[in-house]
Amino acid sequence: MIPEFRRKFNANWKPERYAQFLSRLDQVAGTHVAFRCSETPIFLPAPLLDKMIRYGRELYEQLASNAEYRTASEAAIPNEFRVPNEIPYPLFVQADFGLVTSPGGDYEPKLVEIQGFPSLYGFQPALAGVYRETYSLDSGLHALLGGLDTPTYVNLLRRAIVADQDPEETVLLEIQPFQQKTLCDFNLTEKLLGIRTVCVSDVEKRGRELYAGGKRIRRIYNRVIVDELIRMRPPMNFRFTGDLDVEWAGHPNWFFRLSKFSLPWFRHVCVPRTFFLNELRELPANLEEYVLKPLYSFAGLGVQIGPSAEAIAAIPANQRGNYILQERMNFAATVDTPVGPTKIEIRIMYIWNGELTPVTTIIRSGRGKMMGVDFNKNLDWVGASAGFYLPDQ
């Protein structure tokens, strides 16, 4: 999207360089990276990136200042997943944007979704580093945001995840972590911070205390996704909702509080019209221009683009509050690649540091109906990527 960098990259790209990139990425991650990474990084204009950073902060501030939303989001947390000792802010925030073409011909960000749950904070800077190294990118290009460099980023991440605890008593908690596609991120987080990755099934409860491998757990970097907990039903010796003597790095309640549940509450230029399904008295006549989304699912699971009235009618009445109907955006194909124009979704990643602090981006690119892997099978020049920008642009 910065034309001179795009043209130069495309002109110099070679398949053997990409093969070298993938090999080096696996080496850095300490495992095979199980999801597709794109042939190319993405070059983002700084003003556009700054607008998305500002929009993400404005959206969170809308919710933080809305007492009615606070009450409603409290009710949205199921009792069986309501964890005590919640902190009053999300430690991690992700705001995902697609790009549409404005009447003036510029690109305008539109919110896809927002979540108060951690993402690839270990992997993404490493991915950017491998792009930089393999393709000899211009030294003036930055991937970290807000003036951060690698040491200051790692220190910020350490304060968020480990805080004042011993890294050896801090764990990254997940379901079957060594079978997850995000194992690359877990490995790199361990390497950066000296913490352990632990499966929920390997945690032992002794009174109010938790242990794994005979060592006390005092702080949990929570990577457990609730819908996977329900679907996989792993054997567990403790309950998240119990009276536990642990700290949460990313309190689980924010998975519900800041999520697709938030979308109908926003009043912002970047947010498409969104409705709770159970609050609609009449369906829009142009359903083909809408997207039906379950509130609590990841990776596009259960999303229906242009749902039929019959499909909506089949949803039981007592489940309709768990769905939203969102106006469909015609996202622009903004990245010129050798195989044709490609769409991107840009995730602004924040860490709470007295306020929402932007730290880096995740880019997902695709030419299918959605950005998920299942919608872009057998395609080249798509997948996960890293964003680079010129800070003085």
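See the structure above.
Residues numbered from 1 in each chain as written. Predicted model: local features only at pLDDT ≥ 70, side-chain atom pairs only at ≥ 80, totals over all residues. Heavy atoms only, no water.

Asks: Describe the overall build of the protein chain, naming the residues involved and giving the relevant values.
Replies: Each helix and strand in the protein chain was counted, giving ten helices and 19 strands. Relative to a compact globule of 393 residues, whose C-alpha radius of gyration would be 21 Å, the protein chain shows 21 Å and is just as compact. In terms of overall dimensions, the protein chain has C-alpha extents of about 60 × 55 × 40 Å along its principal axes. By the burial criterion, 53% of the 393 residues in the protein chain qualify as buried. Nonlocal contacts in the protein chain, meaning residues at least 24 apart in sequence, comprise 75% of its contacts between residues at least 6 apart. Roughly 17700 Å² of accessible area belongs to the protein chain as shown, and the carbon and sulfur atoms make up 49% of that amount. (Helix = DSSP H or I, 4+ residues; strand = E, 2+ residues; numbered from the N terminus. Rg over C-alpha atoms; globule rule 2.2 N^0.38 Å. Buried < 20%, exposed > 50% of the residue type's maximum accessible area, 1.4 Å probe, protein only. Contact = heavy atoms within 4.5 Å. Areas by Shrake-Rupley, 256 points an atom, 1.4 Å probe, with all protein chains shown as cover.)

Asks: Kindly report on helix H3 (residues 46-64), identifying the contributing residues and their values.
Replies: Taking 1.5 Å as the rise per residue, H3 with 19 residues should run 27 Å; its terminal C-alpha atoms sit 27 Å apart, in good agreement. Within H3 the residues assigned to the buried category are Ala46, Leu48, Leu49, Met52, Ile53, Tyr55, Gly56, Leu59, Tyr60 and Leu63. For H3, the secondary structure elements touched by its buried residues are helix H4 (67-76), strand S2 (92-101), strand S3 (107-115), strand S16 (342-352) and strand S17 (356-366). (Expected span 1.5 Å × (residues − 1).)

Asks: So, the side chain of Ser73: which residues are in play, and what are the values?
Replies: With respect to the helices and strands, the residue Ser73 is situated in helix H4. Relative accessible area serves as the criterion here: at 1%, Ser73 is assigned to the buried category. Engagement of the side chain of Ser73 in a polar contact is seen with the backbone oxygen of Arg70, the distance being 3.1 Å. Not counting residues up to four positions away in its chain, the partners in contact with Ser73 are Arg257 and Phe261. (Polar contact = N/O pair within 3.5 Å; in protein donor to acceptor, adjacent residues only side chain to side chain.)

Asks: For the packing of helix H6 (residues 150-161) against helix H7 (residues 183-193), give the residues involved together with the corresponding values.
Replies: Geometry of a packed helix pair, given as the angle between the helix axes and the separation of the axes. Two elements in contact, H6 and H7, have axes separated by 10 Å at closest approach and are oriented at 100°. Viewed along their axes, H6 and H7 adopt a mutual orientation that is roughly perpendicular. Facing Val154, Leu157, Arg158 and Ile161 of H6, the residues of H7 in contact are Thr189, Leu192 and Leu193. Taken together, the residues of the contact of H6 with H7 sort by class into five nonpolar, one polar and one charged. (Axes fitted to C-alpha atoms, helices over the stretch in contact; angles between N-to-C directions. Parallel < 35°, antiparallel > 145°, perpendicular 65-115°, else oblique. Nonpolar A, V, L, I, M, F, W, Y, C, P; charged D, E, K, R; others polar.)

Asks: For the pairing of strand S12 (residues 290-294), give the residues involved together with the corresponding values.
Replies: Counting buried residues along S12, five of its five residues qualify, which places the element largely inside the surrounding structure. As defined by bridge partners, S12 adjoins strand S14 (residues 323-327) across five bridges and the pair is classed as antiparallel. Across the sheet, residue Pro294 finds its bridge partner in S14, namely Tyr323. (Pairing = 2+ DSSP bridges.)

Asks: I'd love a proper account of the nonpolar core, names of residues and values included.
Replies: Judged by nonpolar contacts, the single largest core of 66 residues is most densely connected at Leu111, Leu173, Ile344 and Ile348. With nine residues, H3 is the single largest residue contributor to this core. Grouped together as the second largest cluster of nonpolar side chains are 52 residues, Leu91, Leu157, Phe186 and Leu390 included. (Core = buried A, V, L, I, M, F, W, Y, C linked by side-chain atoms within 4.5 Å.)

Asks: Could you give an account of the environment of Gln20, with specific residues and numbers?
Replies: For Gln20, the position within the fold is in helix H2 (residues 15-29). Taking C-alpha positions, Gln20 is 38 Å from Arg57, a pair spaced 37 residues apart along the chain.

Asks: Could you give an account of the packing of aromatic side chains, with specific residues and numbers?
Replies: Summed over all chains, the structure comprises 23 aromatic pairs. A centroid spacing of 4.4 Å and a plane angle of 20° characterise the contact between Phe21 and Tyr131, whose relative ring orientation is stacked. In this pair, Phe21 is assigned in helix H2 and Tyr131 in helix H5 (residues 123-135), connecting sequence segments 110 residues apart. With a relative accessible area of 0%, Phe21 lands in the buried category. According to the relative accessible area criterion, Tyr131 is buried, its value standing at 0%. Ring-pair connections join several aromatic residues into one group, and the members of that group are Phe5, Phe9, Trp13, Tyr18, Phe21, Phe43, Tyr131, Tyr135 and Trp381. (Phe/Tyr/Trp six-rings, centres within 6.5 Å; stacked < 30°, edge-to-face > 60°.)

Asks: Which residues make up the pattern of salt bridges, and what values go with them?
Replies: Taken as a whole, this structure holds 23 salt bridges when the rule is applied. Taking the shortest distance from any N to any O, the salt bridge between Glu86 and Arg70 comes out at 3.6 Å. One end of the pair, Glu86, is in the loop between H4 and S2; the other, Arg70, is in helix H4, with 16 residues separating them in the sequence. Look at Arg70 and you get partly exposed, because its relative accessible area is 36%. Here Glu74 and Arg82 are joined by a salt bridge, their closest N and O atoms 2.7 Å apart. (Salt bridge = Lys/Arg side-chain N within 4 Å of Asp/Glu carboxyl O.)

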